[in-house]
Amino acid sequence: MPSVDTARAILKSLDALGVTHVLYCPGSRSAPFAYALEAGAFSGDARAILDERSAGFMAVGLARAGALPAIVVTSGTAVAELAPAVLESSHARLPLVLLTADRPGELRGVGASQATDQSRLFGGHVRSQVDLEPQEASPSLVGRLTRSVAAACGAPSGAPGPVQINVAFRDPLTPARPASDSEAVAPFVPRPTRVLRTRATAERWEDVVGDARAGLIVAGEGASPHASAWSRAALFPLLAEPASGAWAHGEVVPFEQSLVSSPLGREVDTVVVTGRPTLSRPIHALLARPDVRVVLVDACAPWGDLSGNASVVVADLTPASRPVEATQADWALRVRDAARVAGERIESLLAAGSGRTMIDLARAVASSTSGPLVLGASNPVRAFDLGVSSLEGRVIHSNRGQAGIDGTIATAVGIALGSGYAGEASAHPCRRVTAVMGDLTACHDASSLAVAASSGANLDIVVADDQGGGIFATLEHGRAATDEAYGRWFGVAQAVDYEALAAAYGLAFARAETPSELAQLLVTAEAGPRLVHAPVERAAHLYSAIRDILN
């Protein structure tokens, strides 16, 4: 069976199964997929991406924007380059289809070039793994692919995530000669089974949460879209991390870390947790308190219960239907009043400073942009969480599955493509995606600037440059290490000419000396990607000061 015919059958089947994008990384063993793509075997968005790691995180961004992407790579180390994105998508519950071209079995373990045991490379981090040999297009092949795509989407029951389809191609890897009229056969048309996700059964709020005098809802990444409705019905104040998705629906009370760290936070007796909170130690400490009843809402295992303190786990909840007790209503007013006071004190604290910190930058970005935000998983997402008073109505993304800095630029490009913020046919010609990341995060993924340039994404990549790893200065390492040791082992500042870097990849460039200048700059931009260098002061003391602003 010619390898190109197998590749064509796979791509046609994935097209019929709802895959929206194919990111193809060049290689020889994966070449059958290239020939099949060139021949039109896939009707969605297909593009070549030079670097496998960039392609992996670009696919993560596409999945965050609601797409169903597939990545094609050749054999050997190319497959291993996908590992960081596989981990992120697995823990963030994002669907990814990995098409890994492989050497045939007889070339493994005999010293052949680019041959390794790649079919088990990702272990338990993939939802499904199948090995395919070259074969005729058939209902059997479509059935195996259907199961893989269903597993990626979390259907019929389970958590979405990455799947690996490992295809052992044999030579020839090029198209066979065209069939004569007498040899031609009717093309195979895939007819895949539709696999629907099981709907979670919603339990009654009163039966699960019960009575509370001082209840809260805490929303982390992947939070239920019903969290705002729960908050309105039960008058449980909703505290939400920036990338939880809850801000898009409203009802969020800002300054969650300040509130939970205050004397008011010590009165909390019940917390409903939706999604996976990963951002702040004060929230983790609250959820670990033995005097707090913790209700976890998660439709899939494994659910997040870091301290093992959960009282009950449910798949879904209906909003409360009975009248709210006066004590809970009074509590909700006190929490909102405390948030207002926190906002006033944070405003005064920042006004007395230089106006050039990461938190000042976060406030400037929030006030001057309206499109989706992509926040680096280190200091930027924390700065938004600590210092921004409202992100209401905003779509915000951050790679919190593993909370790593890897692939942030590529993720932002994927989000721009998947959300319609790219190319001349952009669905949002007047708005842009804004990605905010530290200088080390930008340097770590600098090669993905090539992906940004080739995609035509309407994307501002804001490099908040605090001369190295500022996040560590806000942790215990900032106190334990000497200045010299900190700079050598934690800060590791990079000497980078960002204007030259942008020019090297063909991106527009701008420099904002202050956050206020950045705010003015962000409201004006031409189409396409732009790299914005924005120096900021580290100001590590502000993080603890804002957390304790109500004490």
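Keep in mind that this is a model prediction, so the values were computed, not measured.

K.L.:
Would you explain the overall build of the protein chain in this entry?
P.N.:
A tally of helices and strands in the protein chain yields 21 helices and 19 strands. Rg of the C-alpha trace for the protein chain: 25 Å, near the compact-globule value of 24 Å for 551 residues, within the 12% margin. If you line up the protein chain on its principal axes, its C-alpha atoms span 85 × 60 × 45 Å. Intrachain contacts of the protein chain at a sequence separation of at least 6 include 74% that bridge at least 24 residues. Just so you have it, the protein chain exposes about 22,600 Å², and 52% of that area is on carbon and sulfur atoms. Put simply, the protein chain has 45 plus and 56 minus side-chain charges, and the middle of one group is 4 Å from the middle of the other.

K.L.:
Teacher, can you tell me more about the UniProt feature "domain: Thiamine pyrophosphate enzyme TPP-binding" (unreviewed entry) in the protein chain here?
P.N.:
As recorded in UniProt, the sites labelled "domain: Thiamine pyrophosphate enzyme TPP-binding" (unreviewed entry) are residues 404–533. This span, residues 404–533, is 41% helix and 16% strand, and a straight line between its end C-alpha atoms measures 21 Å.

K.L.:
Explain the sheet that holds strand β9 (residues 238–240) to me, please; I cannot follow it from the model alone.
P.N.:
Hydrogen bonds along the backbone pair up the strands of a sheet, which may run parallel or antiparallel. Taking strand neighbours across the sheet as the criterion, the 5 strands line up as β9-β8-β10-β11-β12 in an open arrangement whose pairing is parallel. Looking at which strands have only one partner, the edges of the open sheet turn out to be β9 and β12 (310–314). Averaged over all adjacent pairs, the angle separating strand axes in this sheet is 20°, with direction ignored. The sheet contact formed by strand β11 (residues 293–297) and β12 spans 4 bridges and is parallel. From the neighbouring strand, V295 faces β12, where its bridge partner is V312.

K.L.:
Can you help me understand the sheet that holds strand β3 (residues 69–73) in this one?
P.N.:
The sheet built from 6 strands is open, its strands ordered β2-β1-β3-β4-β6-β5 with parallel pairing. The open sheet has two edge strands with one neighbour each: β2 (45–48) and β5 (128–132). Ignoring strand direction, the axes of neighbouring strands in this sheet form an average angle of 15°. One ladder, built from 4 bridges, connects strand β1 (residues 21–24) with β3; its direction is parallel.

K.L.:
I keep staring at the packing of aromatic side chains and nothing clicks. Help me out?
P.N.:
Here the distance between the centres and the angle between the planes together describe a pair of aromatic rings. All chains considered together, the criterion is met by 5 aromatic pairs. The interplanar angle of 55° and the centroid separation of 5.5 Å between the aromatic rings of F472 and F490 together place this pair among those described as tilted. Of this pair, F472 sits in the loop between β17 (459–465) and α17 (477–480) while F490 sits in helix α18 (residues 483–491), placing them 18 residues apart in sequence. Residue F472 is classed as partly exposed on the basis of its relative accessible area, which comes to 30%. For F490, a relative accessible area of 23% corresponds to the partly exposed category. An aromatic cluster is built from W205, W230 and F236, whose rings are joined through pairwise contacts.

K.L.:
Got a minute to help me understand the domain arrangement of the protein chain in this structure?
P.N.:
A common measure of how large an interface is: the accessible area buried when the components associate. Domain boundaries assigned for the protein chain yield domain 1 (2–168), domain 2 (203–339) and domain 3 (353–548). Of note, the centres of domain 1 and domain 2, computed from C-alpha atoms alone, are 38 Å apart. Between domain 1 and domain 2, the residue contacts involve 6 residues of the former and 7 residues of the latter. The tally of links between domain 1 and domain 2 comes to 2 salt bridges. When the shortest N-O distance is used, the salt bridge between E221 and R64 registers 2.9 Å. Taken together, the residues that form the side of domain 1 that touches domain 2 break down as 2 nonpolar, 2 polar and 2 charged.

K.L.:
Hey, could you run me through the UniProt feature "domain: Thiamine pyrophosphate enzyme N-terminal TPP-binding" (unreviewed entry) in the protein chain in this one?
P.N.:
Using the residue numbers shown here, the UniProt feature "domain: Thiamine pyrophosphate enzyme N-terminal TPP-binding" (unreviewed entry) corresponds to residues 6–119. Across residues 6–119 one finds 40% helix and 18% strand; the C-alpha atoms that close the span lie 18 Å apart.

K.L.:
Help me understand helix α1 (residues 3–16) in this model?
P.N.:
Structural remark: α-helix, 3.6 residues per turn; residues separated by three or four positions point the same way. In this model, α1 (14 residues) spans 20 Å end to end at C-alpha, consistent with the 20 Å of a helix rising 1.5 Å per residue. What α1 keeps buried is the set S3, V4, T6, A7, A9, I10, L11, S13 and L14. Those residues of α1 hidden inside the fold are in contact with β1, α2 (31–38), β4 (96–102), β5, α6 (139–152) and β6 (162–168). Remark: G18 follows α1 within two positions and exhibits a positive phi of approximately 105°.

K.L.:
What's the story with the side chain of H533 in this structure? I'm lost.
P.N.:
Along the polypeptide, H533 turns up in strand β19 (residues 530–535). The class of H533 is buried, set by a relative accessible area of 8%. Within the local environment of H533, its side chain forms a polar contact with the side chain of D465, the two groups lying 2.8 Å apart. H533 has contacts with V463, D465, Y498, F509, A510, R511 and A512, leaving out every residue within four places of it along the chain.

K.L.:
Quick question: what am I supposed to make of unusual backbone geometry here?
P.N.:
With the exception of glycine, most residues fall at negative phi, and the peptide bonds are largely trans. For the bond from D171 to P172, the omega torsion is 0°, close enough to zero to count as cis. Positive phi is not limited to glycine here, since L235 has a value of about 55°. A positive phi angle, near 75°, is found at E251, a position not held by glycine. Here E251 lies in the loop between β9 and α9 (256–260). By relative accessible area, which is 26% here, E251 ends up partly exposed.

K.L.:
Can you walk me through the pairing of β2 in this structure?
P.N.:
Look at any regular strand and the pattern is simple: side chains alternate between the two faces of the sheet. The pairing of β1 with β2 spans 4 bridges and is classified as parallel. Following the sheet pairing, Y24 is matched in β2 by A48. With α2 bridging β1 and the parallel β2, this β-α-β connection has right-handed handedness.

K.L.:
Can you walk me through the packing of helix α12 (residues 358–368) against helix α13 (residues 379–387) in this structure?
P.N.:
Relative placement of two packed helices is described by the angle separating their axes and the distance separating the axes. Between α12 and α13, the shortest axis-to-axis distance is 8 Å and the interhelical angle comes to 75°. Judged on the interaxial angle alone, α13 and α12 are roughly perpendicular. Residue-level inspection shows M358, I359, A362, R363, V365 and A366 of α12 in contact with α13, the latter providing N379, P380, A383, F384 and G387.

K.L.:
In this structure, what is going on with the nonpolar core? I would like to understand it.
P.N.:
In summary, soluble globular proteins display a tendency toward joint burial of nonpolar side chains. If you look at the biggest cluster of nonpolar residues, it comprises 80 residues, and the most contacted ones within it are W205, V272, L317, L361, F384 and L518. With 7 residues, helix α11 (residues 326–351) is the single largest residue contributor to this core. Both of domain 2 (203–339) and domain 3 (353–548) provide at least three residues apiece to this core. Residues contacting W205, with those up to four places away along its chain left out, are G210, I217, W230, A234, F236, V272, L317, T318, P319 and A320. Formed by 49 residues, the second largest nonpolar core is a distinct cluster that contains L96, A422, L449 and A502.

Calculation criteria
- Residues numbered from 1 in each chain as written.
- Predicted model: local features only at pLDDT ≥ 70, side-chain atom pairs only at ≥ 80, totals over all residues.
- Heavy atoms only, no water.
- Helix = DSSP H or I, 4+ residues; strand = E, 2+ residues; numbered from the N terminus.
- Rg over C-alpha atoms; globule rule 2.2 N^0.38 Å.
- Contact = heavy atoms within 4.5 Å.
- Areas by Shrake-Rupley, 256 points an atom, 1.4 Å probe, with all protein chains shown as cover.
- Lys, Arg positive; Asp, Glu negative; His and termini not counted.
- Charge placed at Lys NZ, Arg CZ, Asp CG, Glu CD.
- UniProt positions renumbered as here; feature names shortened; annotations may be inferred.
- Pairing = 2+ DSSP bridges.
- Axes fitted to C-alpha atoms, helices over the stretch in contact; angles between N-to-C directions.
- Phe/Tyr/Trp six-rings, centres within 6.5 Å; stacked < 30°, edge-to-face > 60°.
- Buried < 20%, exposed > 50% of the residue type's maximum accessible area, 1.4 Å probe, protein only.
- Domains from an automatic or database assignment.
- Salt bridge = Lys/Arg side-chain N within 4 Å of Asp/Glu carboxyl O.
- Nonpolar A, V, L, I, M, F, W, Y, C, P; charged D, E, K, R; others polar.
- Expected span 1.5 Å × (residues − 1).
- Polar contact = N/O pair within 3.5 Å; in protein donor to acceptor, adjacent residues only side chain to side chain.
- Right-handed = clockwise from strand over helix to strand, strands pointing away.
- Parallel < 35°, antiparallel > 145°, perpendicular 65-115°, else oblique.
- Core = buried A, V, L, I, M, F, W, Y, C linked by side-chain atoms within 4.5 Å.

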